[in-house]
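Observations on chain architecture
Okay, here's what each chain looks like letter by letter:
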Amino acid sequence: MKYCDLHIHSVASDGTFTPEQIVERARIFGLSAIAIADHDSIDSVAQARSCAREFGIDFIDAVELSTSTLEGRLHILGYFIDPFYPPLVELLKKLFISRRVRIEEMCKNLTALGFQSTIEEIEKISNGAAIGRPHLAEHLINIRAVRDIHEAFEKYLSWGRPAYVKKWAPLPAESIAIIHDAGGLAVVAHPGVTPHMMERLPELIEMGADGIEAYYPRHTQEDQQKAIEIAKKHNLLITGGSDCHGTRRGEPLLGIFKVRYELFEKLRDRWSERKAKSA
Ligand code: AMP
Ligand code: FE
Ligand code: FE
Ligand code: ZN
């Protein structure tokens, strides 16, 4: 049986593994295909692709785009995107800035709460990556304001908690269109963990979503089943992955949570068909 993992984070966003470490671990665990899908960044893609090639592991250039809806955040995965497509590069630049502005505001809130935090300190932690709340959580752990990342989100960083600030992100329809224009396939990430997203899947399909991430560590059996049913009904792709963030949330899931290689093959085939049609 061959396996793959289509959703992995690296140091280019809020993961702790470098591209080399990801490929090395994928090799040790015998994965046949992987996709690094960092939040709003493609900075690890080139390095990971060349490492994966050395080991004969299939690799997909991917990204996990932040979008905002009335109900809150929604992540859209882009597979087989051209990482040099200028409008995509432009969007990633905008998101890099909106992430920084937002974290700077959250630092002010934390400081007002008595936890001295500056954007410069958090940027030392993120080290050039697309900055995010997990980096802020690491700072709170360092200054002993909290014991772990879960406490950091629960007490201060989650929606509705005292340090929370919303970040700018495009609408799902805009992100789906950019992924398509960049030659990629758009997949709705983990609909089961985003409130109300299961019910909104028909709208996202209307917007052109090509697939649904059904296999996901934090999906219930019911979430998984529902996502598969909807995907089948609309002839959409079914994908899955570990959403591994390295060691940030405890034991790394890369190599532990994996999906059938066939899901990679179907994704690749759909992309080839799409390319042939548009050529
Ligand atoms: P951001 O993109 O800056 O809004 O941060 C979102 C990221 O924070 C997600 O991709 C997760 O990696 C992480 N995250 C969100 N909620 C939690 C939580 N309750 N516990 C741990 N990590 C979380
Ligand atoms: Fe994350
Ligand atoms: Fe996500
Ligand atoms: Zn993710």
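Quick caveat, the model's predicted, so the values are computed rather than measured.

**Observations regarding the coordination of the iron ion (ligand 3)**
Surrounding the iron ion (ligand 3) are the protein donor atoms Glu64 (OE), His75 (ND1) and His190 (NE2), which sit 2.1 to 2.2 Å from the metal. In the primary sequence, the donor residues of the iron ion (ligand 3) line up as E-x10-H-x114-H. The distance between the iron ion (ligand 3) and the iron ion (ligand 2) comes to 5.8 Å. Placement of the pair is His75 in strand E4 (residues 72–79) and His190 in the loop between strand E5 (185–188) and helix H8 (197–206), with a sequence separation of 115 residues.

**Things to note about the sheet that holds strand E7 (residues 237–240)**
One open sheet holds the 8 strands; their spatial order is E7-E6-E5-E4-E3-E2-E1-E8, and the pairing between them is mixed. Looking along the sheet, the strands with just one partner apiece sit at the ends: E7 and strand E8 (259–260). For strand E3 (residues 58–69) and E4, the ladder comprises 8 bridges, and the chain directions are antiparallel. If you follow Thr67 over to E4, its bridge partner there is Leu74. In the packing of helix H1 (residues 19–28) onto the sheet, the strands contacted are strand E1 (3–8) and strand E2 (31–36), and the crossing angle to E2 comes to about 155°.

**Remarks on the packing of helix H4 (residues 119–126) against helix H5 (residues 133–142)**
Packing of H4 against H5 brings their axes to within 9 Å, and their N-to-C directions diverge by 105°. Considering the angle they form, H4 stands roughly perpendicular to H5. Here H4 contributes Glu121, Ile122, Ile125 and Ser126 to the contact with H5, which in turn contributes His135, Leu136, Glu138, His139 and Asn142.

**As for the environment of Ile76**
Mapped onto the elements of the fold, Ile76 is located in strand E4. Residue Ile76 is classed as buried on the basis of its relative accessible area, which comes to 1%. Sequence spacing of Ile76 and Ala186 is 110 residues, and the spatial spacing of their C-alpha atoms is 6.5 Å. Setting aside residues no more than four positions away along its own chain, Ile76 makes contact with Val63, Glu64, Leu65, Thr67, Ile176, Ile179, Ala186 and Val187.

Conventions and cut-offs
Here the residue numbers are simple positions, counted from 1 along each chain's written sequence. Chain letters and ligand numbers both follow the written order, the letters beginning at A and the numbers at 1. pLDDT decides what is reported in this predicted model: residues at 70 or higher carry local features, side-chain atom pairs at 80 or more are listed and counted, and totals for whole chains, interfaces and linings draw on all residues regardless. Calculation of side-chain values draws on the structure's entire complement of heavy atoms; hydrogens and water are dropped beforehand. Donors, by definition, are the N, O and S atoms found within 2.8 Å of a metal, the threshold being 3.2 Å for Na, K and Ca, and water is not counted, so a site can look incomplete. By the criteria applied, helices consist of DSSP H or I runs no shorter than four residues and strands consist of E runs no shorter than two, each listed in order from the N terminus. Here, strands pair whenever DSSP counts at least two bridges between them. Contacts are residue-level and defined by heavy atoms, with any inter-residue pair within 4.5 Å sufficient. For every element, the axis is a line fit to its C-alpha atoms; helices are fit only across the contacting stretch, and the angle between N-to-C directions ranges from 0 to 180 degrees. In these notes the angle categories are as follows: under 35 degrees is roughly parallel, over 145 is roughly antiparallel, 65 to 115 is roughly perpendicular, and the rest is oblique. Here's how the labels work: a residue is buried when its accessible area is under 20% of the maximum for its type, exposed when over 50%, partly exposed in between, all with a 1.4 Å probe on protein chains only.

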